[in-house]
2 protein chains.
Amino acid sequence: MKDLARRLPTTMVLIVFAYAVIRFLPALPFLGLLYLIIAGAAVELWRLTGPQNRGLPLVLLNGLVLGASFVVTAVPLELAFFFVLFSTGLYLLFMIRDRDLLFGFVRDFGIHLLAAGYLFFPLFFLFRLKQLGPNHLFFLILVIAVGDSGAYFVGSAIGRHKIYPVASPRKSLEGLIAAVITAGLSGWLSVLLFPIPVPVRMAVVTGAVIGLVSQLSDPVESLFKRAAGQKDSGTLLPGHGGLLDRLDSYIFCAPLLYFMVTYWWK
Amino acid sequence: MKDLARRLPTTMVLIVFAYAVIRFLPALPFLGLLYLIIAGAAVELWRLTGPQNRGLPLVLLNGLVLGASFVVTAVPLELAFFFVLFSTGLYLLFMIRDRDLLFGFVRDFGIHLLAAGYLFFPLFFLFRLKQLGPNHLFFLILVIAVGDSGAYFVGSAIGRHKIYPVASPRKSLEGLIAAVITAGLSGWLSVLLFPIPVPVRMAVVTGAVIGLVSQLSDPVESLFKRAAGQKDSGTLLPGHGGLLDRLDSYIFCAPLLYFMVTYWWK
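Residues numbered from 1 in each chain as written. Chains lettered and ligands numbered in written order. Predicted model: local features only at pLDDT ≥ 70, side-chain atom pairs only at ≥ 80, totals over all residues. Heavy atoms only, no water.

1. Side note on the side chain of Ser190 of chain A
All names here are of chain A.
Item 1. Looking at the secondary structure, you find Ser190 in helix α9 (residues 173–193).
Item 2. In this structure Ser190 comes out as buried when scored by relative accessible area, which is 0%.
Item 3. Ignoring anything within four residues of it in the chain, the contact list for Ser190 reads Phe138, Phe139 and Leu142. (Helix = DSSP H or I, 4+ residues; strand = E, 2+ residues; numbered from the N terminus. Buried < 20%, exposed > 50% of the residue type's maximum accessible area, 1.4 Å probe, protein only. Contact = heavy atoms within 4.5 Å.)

2. Brief notes about the side chain of Asn135 of chain A
Residue and element names in this part refer to chain A.
Item 1. Positionally, Asn135 belongs in helix α8 (residues 134–158).
Item 2. Judged by relative accessible area, which is 14%, Asn135 ranks as buried.
Item 3. Polar side-chain contacts of Asn135 include one of 3.5 Å to the backbone oxygen of Phe194.
Item 4. There is a polar contact of 2.7 Å between the side chain of Asn135 and the backbone oxygen of Pro195. (Polar contact = N/O pair within 3.5 Å; in protein donor to acceptor, adjacent residues only side chain to side chain.)

3. Some points on the interface of chain B and chain A
Item 1. Counting residues at the interface gives 53 residues for chain B, matched by 53 residues for chain A.
Item 2. Contact with chain A buries area across many residues of chain B, yet Glu78, Leu93 and Val106 of chain B alone supply 14% of it, more than any other trio.
Item 3. Counting across the interface, chain B meets chain A through two salt bridges.
Item 4. Notably, a salt bridge pairs Arg128 of chain B with Glu78 of chain A, separated by 3.1 Å at the nearest N-O pair.
Item 5. Inspection of the region where chain B meets chain A yields six residue pairs in polar contact (both at pLDDT 80 or more).
Item 6. Breaking the side of chain B that touches chain A down by element, the ones donating at least two residues are α4 (77–95), α5 (99–102), α6 (105–123), α7 (125–132), α10 (200–227) and α11 (243–265) of chain B.
Item 7. Looking at side-chain class alone, the side of chain B that touches chain A contains 42 nonpolar, four polar and seven charged residues. (Buried area = accessible area lost by both parts, 1.4 Å probe. Salt bridge = Lys/Arg side-chain N within 4 Å of Asp/Glu carboxyl O. Nonpolar A, V, L, I, M, F, W, Y, C, P; charged D, E, K, R; others polar.)

Any functional reading would require information that these geometric values do not contain.
In structure tokens:
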């Protein structure tokens, strides 16, 4: 309860801020803000993983190029990915002038690809969803929030069967099932509150799938924290941990909802 | 010279085999063969980097999905990349059931992304080049081979200024300049031998750029070997090292030539 009291003011501010930004901000400023938020999460990932070779500015540049591929037709995704690969390879080639730095080479190359491929690439799909219409983003946020709450309350009350003891010891199969059911129902609620011309059956199934995947996305991010021996990814938001902690469910769910909408709803 | 004598028979076989495959094999079998070759290189990368958590079959599955994105229009690259991300995240989430396995999590996640993003993704551009016409692939192979020879002979004779002492101690600035010049000239030779309707000036500049980047692509692959304390990536080809050693220049140069052709030549 004490935790809830600490979180509540931040939660209210976040909700109002997110609503205003999603509803009223034009496309390009929205993408710019999204870039800054993901860049903040990338800095947290960088600190958590602690690469041996410097190169954080390159991570942020790679993110910028990936972001460009979402708006500039002359920069397709394949060109942006090639840029990430080439710039990182070259950077490490010229940085590693000492045998001692060789030890971290594979891990550091991997961290650069993770920042680009695990953060910037999937989270820019939040921009794609906003382009489909703000209500698609409200759908995603509502379904994930309700599914998380369902998992938390049911899991706390009757959770017995642990699913991933190392990544998230408090998550249980009972909570996962509750997330699927409550997220499915909130899919129906969402299209009532934020109309999207989609049959209710599709909205419910999509909500349930997002609710399931959200419960898988969050513990993968936890592995980064636990591998680093940390509880939160950062301390930016009181009671909420860091930016990465707030974004973790969207890493898998933002692209997934986009693909479900474009392949199935249409 | 002893090394040259060991290499020569394999080199002749490789040239005839590559020529026949590029000239006569239809698109889909070509892509299938290319997949098998990259998969072999991925196995070598896997052995060199020695991830803590198993999952080689997943690497090969991810490569298959990425390959599909190059021929199946219903599977765009963004969907294939999302599959790689999601499957790897989920796999590691369920594999890491023990605190001891947490240590390798970041590095292992990175190795999966490297296999997909540093091997399969760029090397499938060899297929794209073949689709543009076999002569584009002959251009690439000839330019890289001539540039490498130029760098080797000039570097051995007068090379003084080391560029990347850790990655490739025998490579020099003099060799790099020789690679740019000889590769540029071979660009002109290539369009005479294997006609492509492109102005000679463009072919020469493209050859020079490919010659330069090829000399950067190769030492990045060397870093993987040196980080593992190995000289060759494998022992498949007598005198030639492994598959990865044969493919290393193409990792950066295949996408680069494709982009130069589609953005500049057309």
